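Chain by chain, the residues:
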Amino acid sequence: GRVTRRASNESYSSAPDPDTQRRGSMSEEEERQRRASIKAIMADQSITPLERRRSIQFLMDGRRNSLGGGSQCTVIDDKKLPYSATTTAVPAAGALFGPQRRMSSLEASKRAELSRPHCEHYQRNCSIVAPCCGATFGCRICHDDCPVLPPLLHDYRQKTDTHHQGGGRRKYQRSSSMPTSFSGMSEPQHHTIDRFAVTEVICRFCYLRQSSKTNRCLGCNTQFGEYHCAICNLWMSKEERPYHCPDCGFCRVGGAENFRHCHDCGMCIDKSLFREHNCKVGKYMSNCPVCQEDLFSSRSASHEMPCGHAIHWHCFRDLAAHDSRCPVCKKTAETHERMLPTWNAMAMGIALQPVPPDLAKAVTIVCNDCEKSEENRAWHFLGVQCRHCQSFNTVVERIAMVGPQAHEFLMVADPHPLHLEAQQQQAQQQQQQTNQRRYRRI
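Cut-offs applied
- Residues numbered from 1 in each chain as written.
- Predicted model: local features only at pLDDT ≥ 70, side-chain atom pairs only at ≥ 80, totals over all residues.
- Heavy atoms only, no water.
- Pairing = 2+ DSSP bridges.
- Helix = DSSP H or I, 4+ residues; strand = E, 2+ residues; numbered from the N terminus.
- Axes fitted to C-alpha atoms, helices over the stretch in contact; angles between N-to-C directions.
- Contact = heavy atoms within 4.5 Å.
- pLDDT = per-residue confidence, 0-100.
- Salt bridge = Lys/Arg side-chain N within 4 Å of Asp/Glu carboxyl O.
- Buried < 20%, exposed > 50% of the residue type's maximum accessible area, 1.4 Å probe, protein only.
- Polar contact = N/O pair within 3.5 Å; in protein donor to acceptor, adjacent residues only side chain to side chain.

Undergrad: Got a minute to help me understand the sheet that holds strand E15 (residues 361-367) in this structure?
TA: The strands making up a sheet associate through backbone hydrogen bonding, with each pair oriented either parallel or antiparallel. Strand order across the open sheet formed by 3 strands is E16-E15-E17, with antiparallel pairing between neighbours. Looking along the sheet, the strands with just one partner apiece sit at the ends: strand E16 (373-378) and strand E17 (394-402). Along the sheet, successive strands turn relative to each other by an average axial angle of 25 degrees, direction set aside. With 7 bridges joining them, E15 and E17 adopt antiparallel strand pairing. If you follow Ile-365 over to E17, its bridge partner there is Val-396. On top of the sheet, helix H11 (residues 404-413) reaches E15, E16 and E17; it is set at about 115 degrees to E17, its chief contact.

Here it is in structure tokens:
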């Protein structure tokens, strides 16, 4: 048994090693080129350790596979990689990230384009790649209105580089517009996009990812938009007559021939209203008092109130449905001519509804429009009209008297219109009686 076992060992040890034969079959030049390729891969800091290990593994597999039938390609997962052990150092390190990387980039761009949210804001044939989070959106508004956004790229890189031990910087390219899984992510934080920082777009026809400083696709020659601004990275139709204002710093709509930039207000003003507009420094460098959106960069139309404050036009219409005062200074938000019929109707309602003596009040009022005060005025639940500007935009500053005492006092100081009319009729009757007595004496 021992002899047989020893013979078996001797026969096994004396059998030729196939790996030894393969190593011996390579020439010194091939060995030198392989070592140079491995050194080039190890010195390349632009790839991750995982990609570095795979490159070396593919290189070693190519050495073994290329000896059987003289193949010059490496077969991995039924796919041929375009390099072998006989390639030079630089192509061996870059071959894995050449055509295959371009192919995966096109597939990733197509996936990102097809998975992005639908855009209803602009008519264009390209989608932007957000420089902040790397996701794909139809426009910057789609990005800012998206309720859930991927994490910021620099935060994501910093977080992964903390656990990254290779020392090299890893580049991330999102293949989907929205994250497929939120596990392992921190609580999502909303952020806004910088329209001027956009550098890449994706064609919606051929899915080619390219520079944003063009209006035609480099792959299929498709026009991205009728109007293109390389500064604002904007593509849209010419229906709203867009133009770029160098003083504002971005594009606006309405036609450049119809607007003139006011350097004091910091806004483009309609030429027909430019001479009569209430010029105020920094008027539009603030938020809308209703919706708190920035007026300067807002896409909605702005409205200038008589007091000089600006507001969104749609916010002004909603506000006028229940309040006619400026939300900032409380002055009347309409002109005096437009409010006069309303004030006359309120005065008529007060004349038809006198306050009972028990509820009478003698008050001091201040007008928000003309900023004048009046004392010993009769209070009414519909309001107190200013005698100077006829406005009902007044506030009660002080209550002097209440009750029947105030009623008797106001009968002289500020009589009700009905009481005043009755007093005038009584005075006329007394005058007529006096005249009749004179005639009888004559």
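On we go from here.
Undergrad: Explain the confidence of the model for the protein here, please?
TA: Predicted coordinates in regions of low pLDDT should not be interpreted in detail. Per-residue confidence for the protein averages 75 on the pLDDT scale, and 69% of its residues sit at or above 70. Here residues 63-103 is modelled with pLDDT under 50, and outside its nearest four sequence neighbours on either side it reaches 60 contacts, counting other chains as well.

Undergrad: What should I look at first to understand the pattern of salt bridges in this one?
TA: Within this structure, the stated rule accounts for 9 salt bridges. With a shortest N-O distance of 2.9 Å, Arg-116 and Glu-113 are connected by a salt bridge. Here Arg-387 ties to Glu-374 by a salt bridge, and the two come within 3.8 Å at their closest N and O atoms. With a gap of 13 residues between them, Arg-387 in the loop between E16 and E17 and Glu-374 in strand E16 connect regions that are remote in the sequence. Given a relative accessible area of 9%, Glu-374 falls into the buried group. When salt bridges with common partners are traced through the structure, they connect Glu-374, Arg-377 and Arg-387 into a single cluster.

Undergrad: When you look at the sheet that holds strand E3 (residues 126-129) in this model, what are you seeing that I'm missing?
TA: Reading across the sheet, the 4 strands line up as E4-E3-E5-E6 and stay open at both edges, with antiparallel pairing between neighbours. A strand with exactly one partner marks an edge of an open sheet, and here the two such strands are strand E4 (136-137) and strand E6 (209-211). Of the strand pairs in this sheet, strand E5 (residues 200-203) and E6 are connected by 3 bridges, and their pairing is antiparallel. Each residue of the ladder has a partner; that of Glu-200, found in E6, is Ser-211.

Undergrad: Explanation requested: the side chain of Ser-391 in the structure shown.
TA: Within the secondary structure, Ser-391 is located in the loop between E16 and E17. Within the local environment of Ser-391, its side chain forms a polar contact with the side chain of Asp-369, the two groups lying 2.7 Å apart. Look past the residues within four positions of Ser-391 in its chain and what remains in contact with it is Thr-332, Trp-343, Cys-367, Asp-369, Val-384, Gln-385 and Cys-386.

Undergrad: So what exactly am I meant to see when it comes to the environment of His-191 here?
TA: Structurally, His-191 is set in the loop between helix H8 (153-162) and E5. Given a relative accessible area of 11%, His-191 falls into the buried group. Placed 58 residues apart in sequence, His-191 and Cys-133 show a C-alpha to C-alpha distance of 9.1 Å. Beyond its immediate stretch of four places on either side in the chain, His-191 contacts Cys-132, Cys-133, His-143, Asp-144, Leu-149, Pro-150 and Leu-152.

Undergrad: Looking at this structure, I do not really get the pairing of E3. What am I missing?
TA: Successive residues of a regular strand alternate their side chains across the two faces of the sheet. Side chains of E3 alternate between two faces, with Cys-126 and Ile-128 and Ser-127 and Val-129 buried alike. The sheet contact formed by E3 and E5 spans 3 bridges and is antiparallel. Residue pairing across strands places Ser-127 opposite Ile-202, the latter belonging to E5. Pairing between E3 and E4: 2 bridges, direction antiparallel. Within E4, the position partnered with Ile-128 by the bridge is Phe-137. In this structure, the hairpin formed by E3 and E4 is closed by a connection of 6 residues, where Gly-134 is found at a positive phi of approximately 80 degrees.

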